[in-house]
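Per-entry structural report
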Amino acid sequence: MSEDTTPVIVGVGRCRSRSEDVTPLELMVQSAKRAFADAGVESAKVDCVATVPCLYEMLMPGMTPHYRNMPRSAAEALGCHDAVTANKLFTVHTMRGGQSPHLLMSAICDMVAKGEVKSAVVLSSEATGCFKTRVRKYGEMPKGAEQVFDMTGSNITPQSQDKHMRWGDDPGGSPVELHPLHRHTTYTPDMVVHGLAPAPAVYSLFEQAYKRKYYADTTREDYQKKISDFLSEMSPATEDAVNREYAWHSCRRSAEEIGAVTGKNRMVYYPYTKSMNSFLDVNQGASIVIMSVSEAKRRGIPSSQYIYTHARCELTEVPEAPTTRRDLCDLSAVKCLRELLEGQLGKPLSACKYFDIYSCFPSAIRIVSRHLGIDSSSGAALTLTGGMPFYGGAGNSYVMHSICAAVEKVRQDPSSLCLVTGNGGYLSKHTAAVYSTAPCAWKMCDLKADQARVSGTANTVTIDKRPNGDGVLEVWTAEYRAGKPVRVMGVGTMNATGNRFVAQTTEKSLIAQIMGNDVFDLPVTVQSSRIRAEFKLREPNSAHL
């Protein structure tokens, strides 16, 4: 590949709005204007516009997107008429999750490398904070919506169906949909009926599995402090000059603030307090301008602005659904991702100076870091933004923010390497890229061949859909309502078959027994009804408790 078509990032822009009346399109456009200003070019002069889908569309399952052609809406707002005329308008609506920005960025960079486009802007935003405010406070809904799923297992239904928020646009046409690769189901029916579909529940279960595997001898109090310390070490990055204007919560958090259960910091799913969860209700935008080297030179953009991609990879976990993984902490795709990235870099990932490991929950950061050979003992070393519990941005667009932060970091430290990772589903879809000001060629990837290298056979377990009999409850989490645990659910192994079971209990005395102790691998008896499986301790006064 000639230098002329090597894709480089030349401009980045981020924004945050505290307004109760801001739209996803407005946030995209505002951040894009900042990205163009960073590049020192006119916003209208790009021949390709691409948008990351907004999370709020997921809050209304089954509905037609209110922005029927978001790339065109953004292009027209920015005056990118060449992109509209040529229909160089792209999105990734088939893919949802934190991996989406990397997928879209890679696809656009491939097009630049092939000479199909010379310049592009990639836009993203999340306005879930405003969206929920308009629904709850003002009783407004997007036109055509009757209720909104609020991501916690319940629906929001305003008293009035006649008030509509000013969201939506239909400029005509349809965007080109990129990356229609894997449409796997990331959860099983067993997860849904036993309360393990919400992300906080699953990542809490991952946390318990992580403790069982690596900190079995650590008391629950000490382990809770480790989680709190880890996140506390991440939070100061929100106060950095490059992040302060964009972070939703720009402040240091002490371990005590994060770990203490209070009225404002309730327990959500054990062992996670509210402060340990990624913060969803934000209004943020992030955009990135990409050009070929020749186009950037033609426009007079100084080479000190150019950010090259030294390695990149996109893989789906096998098996994808977490309950079908024998070891919840074993990620076959991340092992393969590390091999591929290090092969492209010619050095270990630990040689990177800066990192932003996708930070939706503490378990995600530490499990992935271990697989990548990166020291996970200090939270401060694994984030550029301060992490999603504090910086905010859970949904589809956070990685756009972490890439922007990476660009700003390596510009300040020329030739240094920065690794940014993404994650979708339940540690199910993994992406990563390494950025630097040091020039390098763009590496074309064979995505199907890369995915074929992932073998999760050894870690795949069969789920018993109607488990009955004795087994071992290996790891569990607890769902909290009004400050009290109301259900304990988890996964284990049936003695007779060796198959995986997913089960729960809502029995108050049993919940109290389990929550009052710090144990895993409980001997249980599982009984299935028509809908779900319940477990009881096989030995109520067992020494296990």
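Above this text you will find the structure in question.
Here goes a summary of the coordinates provided.

What counts, and where the lines are drawn
Residues numbered from 1 in each chain as written. Predicted model: local features only at pLDDT ≥ 70, side-chain atom pairs only at ≥ 80, totals over all residues. Heavy atoms only, no water. Buried < 20%, exposed > 50% of the residue type's maximum accessible area, 1.4 Å probe, protein only. Helix = DSSP H or I, 4+ residues; strand = E, 2+ residues; numbered from the N terminus. Contact = heavy atoms within 4.5 Å. Pairing = 2+ DSSP bridges. Axes fitted to C-alpha atoms, helices over the stretch in contact; angles between N-to-C directions. Phe/Tyr/Trp six-rings, centres within 6.5 Å; stacked < 30°, edge-to-face > 60°. Lys NZ or Arg CZ within 6 Å of the ring centre and 35° of its normal.

What to know about helix H5 (residues 128-136)
The buried count for H5 comes to 7 of 9 residues, which makes it a mostly enclosed element. Here H5 has its buried residues at Thr 128, Gly 129, Cys 130, Phe 131, Lys 132, Arg 134 and Val 135.

Examining helix H12 (residues 362-371)
Within H12, 9 of the 10 residues are buried, leaving the element largely enclosed by the surrounding structure. The set of residues buried in H12 consists of Pro 362, Ser 363, Ala 364, Ile 365, Arg 366, Ile 367, Val 368, Ser 369 and His 371. Structurally, H12 contributes buried residues whose contacts are with helix H7 (199-214), helix H8 (220-234), strand S9 (272-273), helix H11 (332-345) and strand S13 (418-424). Just downstream of H12 lies Gly 373, where phi reads positive at about 75 degrees.

So, the sheet that holds strand S4 (residues 119-126)
Strand order across the open sheet formed by 6 strands is S1-S10-S4-S2-S3-S7, with mixed pairing between neighbours. On the outer flanks of this sheet lie strand S1 (7-16) and strand S7 (176-177), each paired with one strand and no other. In this sheet, S4 lies alongside strand S2 (residues 49-51) in parallel orientation, the contact comprising 3 bridges. Within the sheet, the bridge partner assigned to Val 49 lies in S4 and is Val 121. In the packing of helix H4 (residues 100-113) onto the sheet, contacts are made with S1, S2, strand S3 (89-91), S4 and strand S10 (284-292), and the angle to S10 comes to roughly 20 degrees.

Regarding the side chain of Ser 278
Tracing the sequence through the fold places Ser 278 in the loop between S9 and S10. We classify Ser 278 as buried; its relative accessible area is 18%.

So, the pairing of S4
In terms of burial, S4 is largely enclosed, as 8 of its 8 residues are buried. Taking every second residue as pointing to the same face, both faces of S4 are buried, with Ser 119, Val 121, Leu 123 and Ser 125 on one and Ala 120, Val 122, Ser 124 and Glu 126 on the other. Across 8 bridges, the pairing between S4 and S10 is antiparallel. Each residue of the ladder has a partner; that of Glu 126, found in S10, is Gln 284.

Observations regarding the sheet that holds strand S12 (residues 354-356)
What links the strands of a sheet is backbone hydrogen bonding, and the strands pair in either a parallel or an antiparallel sense. Here we have 4 strands laid out as an open sheet, ordered S11-S14-S13-S12, and mixed in their pairing. The open sheet is flanked by strand S11 (308-316) and S12, the only strands paired with a single partner. The mean inter-strand angle of the sheet, taken between neighbouring strand axes irrespective of direction, is 10 degrees. The pairing of S11 with strand S14 (residues 429-436) spans 8 bridges and is classified as antiparallel. Within S14, the residue paired with Thr 316 across the bridge is Lys 429. The sheet strands contacting H11 are S11, S13 and S14, and the helix crosses S11 at an angle near 160 degrees.

Regarding the packing of aromatic side chains
The way to describe two aromatic rings as a pair is by their centre distance and the angle between their planes. Across all of its chains, the model carries 10 aromatic pairs by this definition. Look at Tyr 210 and Tyr 214: their rings are 4.9 Å apart centre to centre, the planes differ by 55 degrees, and that puts the pair in the tilted class. Here Tyr 214 and Tyr 210 lie together in helix H7, a separation of 4 residues that amounts to about one turn. Residue Tyr 210 is classed as buried on the basis of its relative accessible area, which comes to 1%. Against the face of Phe 230 rests Arg 366, its NZ or CZ located 5.7 Å from the ring centre.

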